[in-house]
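Chain by chain, the residues run as shown.
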Amino acid sequence: MYKPETLLIIGPPGSGKGMQAGMLAQKGDYFHISIGDMYRSKIQGSYLEHQIICYRAQKKFDEADAIVHTIFREQIEQSIKERLYDPKTQSLVVDGLPRHPGQIPFIDETLSVDLVIQLYVPREISIARVNARSQNGNRSYDLDERITQNKLGTYYAHTKRAIEVYKERGIMKPVDGARTPEIVHEQILAALNDHRKL
């Protein structure tokens, strides 16, 4: 299977990873896939979500991940078929993957990860941004504080361990996600340019 050249953007809820990935995609050099958006549009409320919940309750985490991974592969293939994404001229930018170290073998098998951007944001800023997002009506599920706290718990307990793997590989670049979106984007572009010079 062809492995698309990929940029991963990782960060806690409210870090702006989806926004930054979208800004890169607007330039045309990247095609953006958001794991969160994919889950909400293709899995949430369906039988697939029921399966995932059951697997996780049984601690069958690999089986639960496999459902998400299958949908992810299908989305790449569908985007190519619909000519939304051209792997010959575009790279992928993916936000929200990996969520834990156990997903890294799937990523290695499916994608050619060139660089990983870690948006670091203090916990209190993450919570404040998610609360503001819910008040603006952009995402109704953000109104449930338990969901936000659960996502933050997952990030600090599991996702940061996955980040360490990429740090050891020498392809992780930290970026201050607490700044304005414009400044954060400039930092990401600078990190990309620096990495290409290596």
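Residues numbered from 1 in each chain as written. Predicted model: local features only at pLDDT ≥ 70, side-chain atom pairs only at ≥ 80, totals over all residues. Heavy atoms only, no water.

Peer 1: Explain the overall build of the protein here, please?
Peer 2: Along the protein, the regular secondary structure elements total eight helices and five strands. Each helix and strand of the protein, placed in order from N terminus to C terminus, yields the pattern β-α-β-α-α-α-β-α-β-α-α-β-α. Radius of gyration (C-alpha) of the protein: 16 Å, near the 16 Å computed for a compact globule of 198 residues. Taking the principal axes of the C-alpha coordinates as reference, the protein spans close to 45 × 40 × 35 Å. Out of the 198 residues belonging to the protein, those deemed buried represent 42%. Of the roughly 10,900 Å² of accessible surface on the protein, a fraction of 50% belongs to carbon and sulfur atoms. (Helix = DSSP H or I, 4+ residues; strand = E, 2+ residues; numbered from the N terminus. Rg over C-alpha atoms; globule rule 2.2 N^0.38 Å. Buried < 20%, exposed > 50% of the residue type's maximum accessible area, 1.4 Å probe, protein only. Areas by Shrake-Rupley, 256 points an atom, 1.4 Å probe, with all protein chains shown as cover.)

Peer 1: In this structure, what is going on with the packing of helix 3 (residues 47–57) against helix 4 (residues 61–81)? I would like to understand it.
Peer 2: Packed helices, taken two at a time, are described by the angle their axes make and the gap between the axes. Their axes nearest at 7 Å, the elements helix 3 and helix 4 cross at an angle of 155°. Here helix 3 lies roughly antiparallel to helix 4, going by the angle between them. The element helix 3 and its partner helix 4 pack so that their crossing is left-handed. Where helix 3 abuts helix 4, its residues L48, Q51, I52, Y55 and R56 lie against F61, E63, A64, I67, V68 and I71. (Axes fitted to C-alpha atoms, helices over the stretch in contact; angles between N-to-C directions. Parallel < 35°, antiparallel > 145°, perpendicular 65-115°, else oblique. Left-handed = near helix turned anticlockwise from the far one by under 90°. Contact = heavy atoms within 4.5 Å.)

Peer 1: How do you make sense of helix 8 (residues 181–196) when you look at a structure like this?
Peer 2: Since the α-helix advances by 3.6 residues per turn, residues separated by three or four positions end up pointing in the same direction. Along its 16 residues, helix 8 runs 23 Å from first to last C-alpha, staying within 8% of the 22 Å computed at 1.5 Å per residue. When we look at burial in helix 8, the residues that qualify are V184, H185, I188, A191, L192 and H195. Along the axis of helix 8, the buried residues cluster in a sector spanning 120°; they form a single face. Along helix 8, the residues that are exposed and aim more than 90 degrees away from the buried face are E182 and E186. Here the buried face of helix 8 lies against strand 1 (5–10), helix 1 (17–26), strand 2 (30–34), strand 4 (112–120) and strand 5 (172–176). (Expected span 1.5 Å × (residues − 1). Arc of directions from axis to C-beta.)

Peer 1: What exactly am I supposed to notice about the nonpolar core here?
Peer 2: One recurring pattern in soluble globular proteins is that nonpolar side chains are buried together. Counting residues in each nonpolar core, the largest one holds 31 residues, and the members touching the most others are F72, L92, I107, V113, V116 and Y166. Listed by contribution, the elements that provide at least two residues to this core are strand 1, strand 2, helix 2 (35–42), helix 4, strand 3 (91–95), helix 5 (104–110), strand 4 and helix 7 (145–169). With six residues, the top contributor of residues to this core is helix 4. Those residues in contact with Y166 that sit more than four places away from it in its chain are L8, P98, I104, I107, V113, V116, I171 and M172. One finds A21, V93, V184 and I188 within the second-largest nonpolar core, a separate group that totals 14 residues. (Core = buried A, V, L, I, M, F, W, Y, C linked by side-chain atoms within 4.5 Å.)

Peer 1: Mind showing me how you'd approach the environment of L8 here?
Peer 2: With respect to the helices and strands, L8 occurs in strand 1. On the accessibility criterion, L8 (0% relative accessible area) is buried. For the pair formed by L8 and V93, sequence separation is 85 residues and the distance between their alpha carbons is 5.8 Å. Sequence-distant contacts of L8, defined by excluding residues within four places in its chain, comprise V94, L97, P98, I107, V113, L115, V116, I117 and Y166.

Peer 1: I tried to follow helix 4 on my own but got confused; where do I start?
Peer 2: With 21 residues, helix 4 should cover 30 Å at 1.5 Å per step; its first-to-last C-alpha distance of 30 Å lies within 8% of that length. Within the span of helix 4, buried status applies to A64, D65, I67, V68, H69, I71, F72, Q75, I76 and S79. The inward-facing, buried residues of helix 4 contact strand 2, helix 2, helix 3, strand 3 and helix 5. Once helix 4 ends, the next one or two residues include R83, with phi positive near 60°.

Peer 1: Explain the environment of I104 to me, please; I cannot follow it from the model alone.
Peer 2: Among the secondary structure elements, I104 is positioned in helix 5. Setting aside chain neighbours within four positions, we find I104 in contact with P98, A162, V165, Y166 and R169.

Peer 1: Explain the packing of aromatic side chains here, please?
Peer 2: Each aromatic ring pair is characterised by the separation of its centres together with the angle its planes make. In the structure shown here, the tally under the stated rule is three aromatic pairs. Taking the centre distance of 5.3 Å and the plane angle of 20° together, the rings of F31 and Y85 count as stacked. Of this pair, F31 sits in strand 2 while Y85 sits in the loop between helix 4 and strand 3, and the two are 54 residues apart along the sequence. There is no split in this pair, since F31 and Y85 are both buried. Ring centres of Y155 and Y156 lie 5.2 Å apart, and the angle between their planes is 85°; this geometry places the pair in the edge-to-face category. (Phe/Tyr/Trp six-rings, centres within 6.5 Å; stacked < 30°, edge-to-face > 60°.)

Read these as layout, nothing more, since geometry by itself doesn't imply function.
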